[in-house]
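An overview of the molecular structure
Listed below are the residues making up each chain.
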Amino acid sequence: MSPNAQWIMAAFKLSPSPDTDRLIMGMRAVAVLGLAAIPLHYIVLKRLLAIVATVRAGDPFVAENADRLQAIAWALVALNALSIVIGVIAKAVSTPAHPLRLDAGLSINGWLAVLLTFLLARVFAEGTHMRDDLEGTV
């Protein structure tokens, strides 16, 4: 058992058992996946900020916003997939003596957000195309 495993056991008030090592490894894996989620959240927030800037400027229906929404949708796909993996890990390492309860796993709301974001990206792309066609006919 490594020194940081002893610290984890003390911090979470875990008693030594054969399942403790597996639980600690599972918590480490979840922590690594949590770190992997940081750049995905950055992608979402950075693009949302750029979309808000175009709304403030009074011109939200630009091709870049459709692309930004598409990128947000793909980042949400990855975040939802990570949540499922984290939920599976938590379930695999959890025991009755040491339950690992995480708010992770399959989220219908998360996948609905993915679908709606892809749809919104398409709406923005069509809106941009329609505006360009209208400007061309005037």
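Criteria and thresholds
- Residues numbered from 1 in each chain as written.
- Predicted model: local features only at pLDDT ≥ 70, side-chain atom pairs only at ≥ 80, totals over all residues.
- Heavy atoms only, no water.
- Helix = DSSP H or I, 4+ residues; strand = E, 2+ residues; numbered from the N terminus.
- Rg over C-alpha atoms; globule rule 2.2 N^0.38 Å.
- Buried < 20%, exposed > 50% of the residue type's maximum accessible area, 1.4 Å probe, protein only.
- Phe/Tyr/Trp six-rings, centres within 6.5 Å; stacked < 30°, edge-to-face > 60°.
- Contact = heavy atoms within 4.5 Å.
- Core = buried A, V, L, I, M, F, W, Y, C linked by side-chain atoms within 4.5 Å.
- Salt bridge = Lys/Arg side-chain N within 4 Å of Asp/Glu carboxyl O.

Points about the overall build of the protein chain
Per the secondary structure count, the protein chain includes four helices and zero strands. Ordered by position in the sequence, the α and β elements of the protein chain form the string α-α-α-α. At 22 Å, the protein chain has a C-alpha radius of gyration far larger than the 14 Å of a compact globule built from 138 residues. Counting only C-alpha atoms and orienting by the principal axes, one finds that the protein chain spans roughly 75 × 25 × 15 Å. Per-residue burial for the protein chain yields a buried fraction of 32% across its 138 residues.

Quick look at the packing of aromatic side chains
Tallying each qualifying case throughout the model produces two aromatic pairs. Centre to centre, the rings of Trp 74 and Phe 118 are 5.1 Å apart; their planes meet at 80°, and the pair counts as edge-to-face. Residue Trp 74 is located in helix α3 (residues 63–93), and its partner Phe 118 is located in helix α4 (residues 108–137); the two are separated by 44 residues in the primary sequence. The partly exposed category is assigned to Phe 118, whose relative accessible area is 22%.

Considering the side chain of Thr 95
With respect to the helices and strands, the residue Thr 95 is situated in the loop between α3 and α4. Residue Thr 95 is classed as buried on the basis of its relative accessible area of 9%. Other than its neighbours up to four places away in sequence, Thr 95 contacts Asp 19 and Arg 22.

Structural notes on the nonpolar core
Within the largest apolar cluster, 18 residues are counted, with the highest numbers of intra-cluster contacts made by Leu 33, Val 44, Leu 69, Ile 72, Leu 76, Leu 79 and Leu 82. Breaking this core down by element, the ones donating at least two residues are α2 (20–56), α3 and α4. Looking at this core, the element that brings in the most residues is α3, giving nine residues. With sequence-adjacent residues up to four places away left out, Leu 79 is seen in contact with Ala 37, Leu 40 and His 41.

Things to note about the pattern of salt bridges
Under the defined criterion, the tally for this structure stands at two salt bridges. The partner of Asp 59 in a salt bridge is Arg 131, and the shortest N-O contact between them spans 2.3 Å. Residue Asp 59 is located in the loop between α2 and α3, and its partner Arg 131 is located in helix α4; the two are separated by 72 residues in the primary sequence. Here Asp 59 falls in the partly exposed class, since its relative accessible area comes to 32%. Judged by relative accessible area, which is 26%, Arg 131 ranks as partly exposed. Here Arg 122 ties to Glu 126 by a salt bridge, and the two come within 2.8 Å at their closest N and O atoms.

What about the environment of Ala 37?
Topologically, Ala 37 is positioned in helix α2. On the basis of relative accessibility, which here comes to 12%, the residue Ala 37 falls in the buried class. The spatial distance from the C-alpha of Ala 37 to the C-alpha of Leu 112 is 19 Å, given a sequence separation of 75 residues. The residues touching Ala 37, leaving out its near neighbours within four places in the chain, are Leu 79 and Leu 82.

By themselves, these are just geometric observations and shouldn't be taken as functional.
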